[in-house]
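The lines below spell out each chain.
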Amino acid sequence: MTAWTTSSLAEFARREWGPLFRTVRDALVHDTWRAVPMTLGAVCLTSVFQVVQNTPWGFQPVQNLGSVKAADPLWLALLRTPLSLFVPALDLPVWGALAQILLVFGICEICIGWWRTLLIGYVATLAGTTYARIGLSLGPDHPFGLPVSDRIVNDTGPSAAVVGLAIYVCWRYRAYLTGTAVVLVMIGEVLIKDNLAGKEHLAAIAAVMAVCVVRAQWGPERSRQPLGRRPPPVDSR
């Protein structure tokens, strides 16, 4: 029974994570750190923002460059969005944001290319920003609404992009159970701690899932095939 269970788990792991693991492993073995230049740049930029915003003189400049709130005019929020991915949340330990960026951005940069990683990350982030404005307009009594106090709460920083990218790469590599687990964890986050960040994560997931559906229906033929029937993507590398 134990042997059967171990064999089944090994087979599940090969089926769920095998193609993804081989793609990442081969890139890192062949190119080492050169496989993820954008990710390393993102980690460095996030680290710089963290250091600067914790100085007496640096907090406001960082907020002006990359802090997005629903109270901001839309044009200003869009202007700050490119850097908002790299401004860590003030109420969370920065090592968590850095670990998320290094792991998820790194995997995605290898698997789908740096520019698609940024594109999907921004789609997820903009979905969260857009939801915040819609949620405030719906009001606290609506199931998808938000309280007025959330107008001045900072957007999620890199976490919405991380969640969206995790969903996208799970779809591209057919790791469906892993993707489902990510969705369930984010739903659990909202049920346990009903805050703006959790709901923005769900909005990011919805937006990226919509992208996946569109690509599955009308995207390139290779996006609609199981990965085992085609070589790993080499989008921009």
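Cut-offs applied
- By convention here, each chain's residues receive numbers from 1 onward along its written sequence.
- With pLDDT at 70 or above as the cut-off, local features in this predicted model cover only qualifying residues; side-chain atom pairs require 80 or more to be listed or tallied, and sums for whole chains, interfaces and linings still use all residues.
- Working from all heavy atoms in the structure, the side-chain values ignore hydrogens and water.
- Each axis is a line fitted through C-alpha atoms, and for a helix only the stretch in contact is used; angles between axes span 0 to 180 degrees, taken between their N-to-C directions.
- Going along the chain from the N terminus, every DSSP run of H or I of four or more residues is numbered as a helix, and every run of E of two or more is numbered as a strand.
- Each angle receives one of four descriptions, namely roughly parallel if under 35 degrees, roughly antiparallel if over 145, roughly perpendicular if within 65 to 115, and oblique otherwise.
- Any two residues whose heavy atoms approach within 4.5 Å are treated as being in contact.
- Following the grouping adopted for this structure description, the nonpolar residues are Ala, Val, Leu, Ile, Met, Phe, Trp, Tyr, Cys and Pro, the charged ones are Asp, Glu, Lys and Arg, and the polar ones are all others, Gly among them.
- Among buried residues, the Ala, Val, Leu, Ile, Met, Phe, Trp, Tyr and Cys ones that are joined through side-chain atoms within 4.5 Å form a nonpolar core.
- The buried label goes to any residue with under 20% of its type's maximum accessible area, the exposed label to any with over 50%, and the partly exposed label to all in between, with areas taken from a 1.4 Å probe on protein chains only.
- A pairing counts as a salt bridge when a side-chain nitrogen of Lys or Arg comes within 4 Å of a carboxyl oxygen of Asp or Glu.
- By disulfide we mean two sulfur atoms from cysteines, separated by a distance within 2.5 Å.

Just to check I follow, could you spell out the packing of helix H2 (residues 37–53) against helix H3 (residues 59–66) for this structure?
Helix packing for two helices is described by the angle between their axes and how far apart those axes are. One can describe the packing of H2 onto H3 by two numbers: an axis separation of 7 Å at closest approach and a directional angle of 135°. On the basis of the axis angle, H2 is oblique to H3. Contacts from Phe49, Val52 and Gln53 of H2 reach H3 at Phe59, Val62, Gln63 and Leu65. Class assignment for the residues of the contact of H2 with H3 results in five nonpolar, two polar and no charged.

Would you explain the nonpolar core in this entry?
Membership of the largest hydrophobic core comes to 40 residues, with the highest contact counts inside it found for Phe105, Cys111, Tyr168 and Val208. Among the secondary structure elements, those contributing two or more residues to this core are helix H1 (2–31), H2, helix H5 (94–112), helix H6 (114–138), helix H7 (158–172) and helix H9 (196–218). Per-element tally for this core: the top contributor is H7, with nine residues. One finds Ala70, Tyr131, Ala132 and Leu146 within the second-largest nonpolar core, a separate group that totals six residues.

Just to check I follow, could you spell out the pattern of salt bridges for this structure?
If charged atoms from side chains of opposite charge come close, those side chains can pair. For the coordinates displayed, the defined rule picks out five salt bridges. The closest approach of N and O atoms between Glu11 and Arg15, which form a salt bridge, is 4.0 Å. Linking Glu11 with Arg15, this pair stays in helix H1, spanning four residues, or about one helical turn. A relative accessible area of 37% means that Glu11 is categorised as partly exposed. For Arg15, a relative accessible area of 53% translates into the label exposed. Between Asp72 and Arg80 there is a salt bridge whose closest N-O contact spans 3.4 Å. Neither Asp72 nor Arg80 differs from the other in exposure class; each is buried. Each of Glu11, Arg14 and Arg15 takes part in one network of salt bridges that share partners.

How should the state of the cysteines be read in this particular structure?
In protein structure, a disulfide is the covalent linkage between the sulfur atoms of two cysteines. Summed over the entire model, instances satisfying the criterion amount to zero disulfides. No disulfide involves Cys108; its sulfur sits 6.8 Å from that of Cys111, the nearest cysteine. Cysteine Cys170 is unpaired, with the sulfur of Cys108 as its nearest cysteine sulfur at 8.6 Å.

Looking at this structure, how should I read unusual backbone geometry?
Negative phi values dominate among residues other than glycine, just as trans dominates among peptide bonds. Here the phi dihedral of Thr32 falls at roughly 50°; this positive angle occurs in a residue that is not glycine. In this structure Thr32 comes out as partly exposed when scored by relative accessible area, which is 39%. In the Ramachandran plot, Arg174 falls in the positive-phi region, its phi being about 55° despite a non-glycine side chain. With respect to the element layout, Arg174 can be found in the loop between H7 and helix H8 (176–192).

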